[in-house]
Amino acid sequence: MGNDEKILSVIRQESEAKIKALDEDAEKVYLEITGEAGKKAQEIRRGGEHKVQLQADNLLKAFQSRADLERRNALLRTKRKEIEKTIEMLHDHIISMNEKDYFKYILRLIKNLEDTNGVLFFCSKDLKRMPKNFSLVLVDHNIEAKISETPDDSIEGGFILKHGDIEENMSIASLIEEKREQLEDMIGSELFKD
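Residues numbered from 1 in each chain as written. Predicted model: local features only at pLDDT ≥ 70, side-chain atom pairs only at ≥ 80, totals over all residues. Heavy atoms only, no water.

Below, the discussion takes up the pattern of salt bridges. If you walk through the whole model with that rule in mind, you get eight salt bridges. Taking the shortest distance from any N to any O, the salt bridge between K162 and E167 comes out at 3.7 Å. The exposure class of K162 is partly exposed, given its relative accessible area of 30%. The partly exposed category is assigned to E167, whose relative accessible area is 48%. One network of salt bridges, in which partners are shared, links R80, E84, E177, R180 and E184. (Salt bridge = Lys/Arg side-chain N within 4 Å of Asp/Glu carboxyl O. Buried < 20%, exposed > 50% of the residue type's maximum accessible area, 1.4 Å probe, protein only.)

Our focus in this paragraph is the nonpolar core. Formed by 30 residues in total, the largest nonpolar core has its most connected members in I106, I110, L120, F122, F134 and F159. For this core, the secondary-structure elements that each account for two or more residues are α2 (50-95), α3 (99-111), α5 (134-140), β3 (158-163), α6 (172-178) and α7 (180-191). Residues within four places of F159 in sequence aside, it is in contact with I106, L109, I110, L113, L120, F121, F122, E168, N169, M170 and S171. (Core = buried A, V, L, I, M, F, W, Y, C linked by side-chain atoms within 4.5 Å. Helix = DSSP H or I, 4+ residues; strand = E, 2+ residues; numbered from the N terminus. Contact = heavy atoms within 4.5 Å.)

With mixed pairing, the four strands of this open sheet are ordered in space as β2-β1-β3-β4. Either end of the sheet is taken by a strand with one partner, and the two such strands are β2 (146-147) and β4 (166-171). Looking at chain direction, strand β1 (residues 119-121) and β2 are connected through two bridges and run parallel. In the strand pairing of β2, V119 is matched with K146. Across the sheet, α3 touches β1, β3 and β4, and the angle it forms with β3 is around 35 degrees. (Pairing = 2+ DSSP bridges. Axes fitted to C-alpha atoms, helices over the stretch in contact; angles between N-to-C directions.)

A word on the packing of aromatic side chains. Per the counting criterion, the structure on display carries four aromatic pairs. Measuring from centroid to centroid gives 6.4 Å for F103 and F122, while their planes differ by 50 degrees, and the two rings are tilted. Of this pair, F103 sits in helix α3 while F122 sits in the loop between β1 and α4 (124-129); the two residues are 19 residues apart in sequence, bridging distant segments of the chain. No difference in accessibility class separates F103 from F122, as the two residues are buried. Between F122 and F159 the ring centres are 6.0 Å apart and the planes differ by 45 degrees, which places this aromatic pair in the tilted class. One end of the pair, F122, is in the loop between β1 and α4; the other, F159, is in strand β3, and 37 residues separate them in sequence. (Phe/Tyr/Trp six-rings, centres within 6.5 Å; stacked < 30°, edge-to-face > 60°.)

On to the pairing of β4, then. Strand direction decides the pairing type here: β3 and β4, joined by six bridges, are antiparallel. Looking at the pairing, I160 lines up with N169 of β4. Connecting β3 to the next strand, β4, in antiparallel fashion are two residues, including G164 with a positive phi near 65 degrees.

With that out of the way, let us pick up the pairing of β3. For β3, the tally of buried residues reaches five of six residues, placing the bulk of the element in the interior. Inspection of the sheet shows β1 paired to β3 by three bridges, in the antiparallel sense. When the bridges of β3 are listed, V119 appears paired with K162.

Following the sequence through the fold, I33 ends up in helix α1 (residues 3-46). On the accessibility criterion, I33 (8% relative accessible area) is buried. Setting aside chain neighbours within four positions, we find I33 in contact with F63, R66 and A67.

Dropping the structure here:
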């Protein structure tokens, strides 16, 4: 099992435990509400009038609908929190990969750009841990960009490629934001399998 799968597994287990606890709490609220509604409905039914009995039934249905809605909303809030937490963990995982894997990933990102001419800006942390031969690796892959010795600490991983007035933000945060909707769908389906 890879690191990503382990992370998703841990998050899935935490999410399932939180959802179970929320579901149990929602069930208690549901039982309290429906119990209260049932008592009121019984009182009204004792009156014996057909119209009053319909009101009691409608009241019970309204309480049940409210309880169901509150349960669904609690579940959705929990799912949203867990998806956000997982996206944060993905970001942190990428920027803290070991040097070899991280710069392989960076190289792959650079190679996927249409125009690799310009200047590459990295954050201070990445400049410090960059392999000494990374410039040569770029040349070996026909990448024309040069690495700036000046850090750009507006990013926390990844890089910014500047060529003239054009700037391509390939920071990890920017890439994740660009793919956020797809990531949310994928994470949601992984974490909350039925």
